[in-house]
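# Tertiary structure, described
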Amino acid sequence: MHDEPVSPRCLSALDPAEIRAGPTLARLALALGLVAAAVLAMAYFLRAPLEGAGRALVEHTGIGGIAALVLALDPLPGLGFQPGLVLGTAAGVPAWPLFFTASLASLGSSVLGWALGRWGRRLRWLERLLLVSGAAAAVTRWGGRAVAIAGVTPIPFGLATLAAGAVGMPLDVLALAATARWIKIGLSLVAISLGWHAATS
């Protein structure tokens with residue numbers, strides 16, 4: 001379920017009218033299966049270091065350390081919120097507190113991305129990034145729906161939140177759309193828990 005680059009040719013991936021339930025659910029199920037398999041392998045081969053890192057993080061910072069990790073990594077393609085969920089699971093953090101912590105941290109990360117996009121919208125490099133990736137055009141065309149779709153698909157969520165700020169999307173619209181990411185967080189946590197406990201039981 002790692003985020004992948006978007007090109008202008010892939011703008012239809014963010015078009016709500018182009019989303020088909022069957023293929024989308026099949027891709028989501030495959031991605032969750034891959035996450036569970038990857039976590040099972042990590043738990044089997046790297047259980048001790050993951051448990052040590054997770055426990056050290058939680059013991060020294062509380063669950064706030066997980067929140068900080070998600071806040072920092074969620075916008076980054078290829079990382080996202082999954083490392084926080086894996087370390088939280090390895091540390092034995094109960095599922096519901098871990099889910100709510102990651103979800104709120106992801107929402108905070110979305111708002112920070114929006115603020116960065118709004119502040120830096122006239123920066124040449126950011127303007128070019130959003131243009132080349134197609135994120136600005138997609139968010140301009142489909143608004144909050146594009147952000148919501150990016151939140152639950154492999155499309156880079158960080159780019160969508162940056163684009164939302166850069167094109168002037170209202171903060172309340174961004175925040176509401178960003179809560180769609182909670183679906184992906186919840187499903188990923190289920191897959192991670194299944195993979196982890198299958199290897200450690």
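Quick summary incoming for the structure in this document.

Parameters and conventions
One numbering rule holds for all chains: residues counted from 1, following each sequence as written. Totals for whole chains, interfaces and linings use every residue, but because this is a predicted model, local features are given only for residues with pLDDT of at least 70 and side-chain atom pairs only at 80 or more, for both listing and counting. For side-chain calculations, the full set of non-hydrogen atoms in the structure is used, while hydrogens and water are omitted. The secondary structure listing takes helices from DSSP runs of H or I that are at least 4 residues long and strands from runs of E that are at least 2 residues long, numbered from the N terminus. Categorising residues by exposure relies on relative accessible area from a 1.4 Å probe, with only protein chains included: less than 20% of the type maximum marks a residue as buried, more than 50% marks it as exposed, and the intermediate range marks it as partly exposed. Each aromatic pair joins two rings of Phe, Tyr and Trp (for Trp, the six-membered one) with centres within 6.5 Å, and gets the label stacked for planes under 30 degrees apart, edge-to-face for over 60, and tilted for any other angle. To define a nonpolar core, start from buried Ala, Val, Leu, Ile, Met, Phe, Trp, Tyr and Cys residues and group those joined through side-chain atoms within 4.5 Å. Note on contacts: a residue pair qualifies if any of its non-hydrogen atoms lie within 4.5 Å across the two residues. A side-chain nitrogen of Lys or Arg and a carboxyl oxygen of Asp or Glu constitute a salt bridge if their distance falls within 4 Å.

### Describing the side chain of Thr-161
Among the structural elements, Thr-161 can be located in helix α8 (residues 157-166). Overall, Thr-161 belongs to the buried group, its relative accessible area being 2%.

### Some remarks on the packing of aromatic side chains
With the rule as written, the count across this model stands at four aromatic pairs. Between Trp-96 and Phe-99, the ring centres sit 6.0 Å apart and the planes meet at 85°, which makes this aromatic pair edge-to-face. Note that Trp-96 and Phe-99 are positioned in helix α4 (residues 95-119) at a spacing of three residues, about one turn of the helix. Here Trp-96 falls in the exposed class, since its relative accessible area comes to 62%.

### Observations concerning the nonpolar core
Counting 24 residues, the largest nonpolar core has Leu-130, Val-139, Val-147, Ala-164, Met-169 and Leu-174 as the members making the most contacts within it. Elements with a minimum of two residues in this core: α4, α5 (124-133), α6 (135-142), α7 (144-152), α8 and α9 (171-178). For this core, the element with the most residues is α8, which contributes seven residues. Val-147 has contacts with Val-139, Phe-157, Ala-160, Ala-164, Met-169, Leu-174, Ala-177 and Ala-178, leaving out every residue within four places of it along the chain. Leu-85, Ala-90, Val-93 and Leu-189 belong to the second-largest nonpolar core, a separate cluster that totals 23 residues.

### Section: the pattern of salt bridges
Side-chain pairing between opposite charges can occur once the charged atoms of the two side chains come close. This model, assessed by the stated rule, comprises two salt bridges. For Arg-47, the salt bridge is made with Glu-51, and the minimal N-O distance between the two is 3.0 Å. Residue Arg-47 and its partner Glu-51 are both found in helix α1 (residues 21-61); the two are separated by four residues, about one turn of the helix. Glu-51 sits in the buried class, given a relative accessible area of 13%. Close ionic contact of Arg-181 with Asp-74 constitutes a salt bridge, the shortest N to O distance being 2.9 Å. Here Arg-181, found in helix α10 (residues 181-200), pairs with Asp-74, found in the loop between α2 (63-73) and α3 (82-90); they are 107 residues apart in sequence, far enough to count as distant.

Just distances and angles here, no functional claims.
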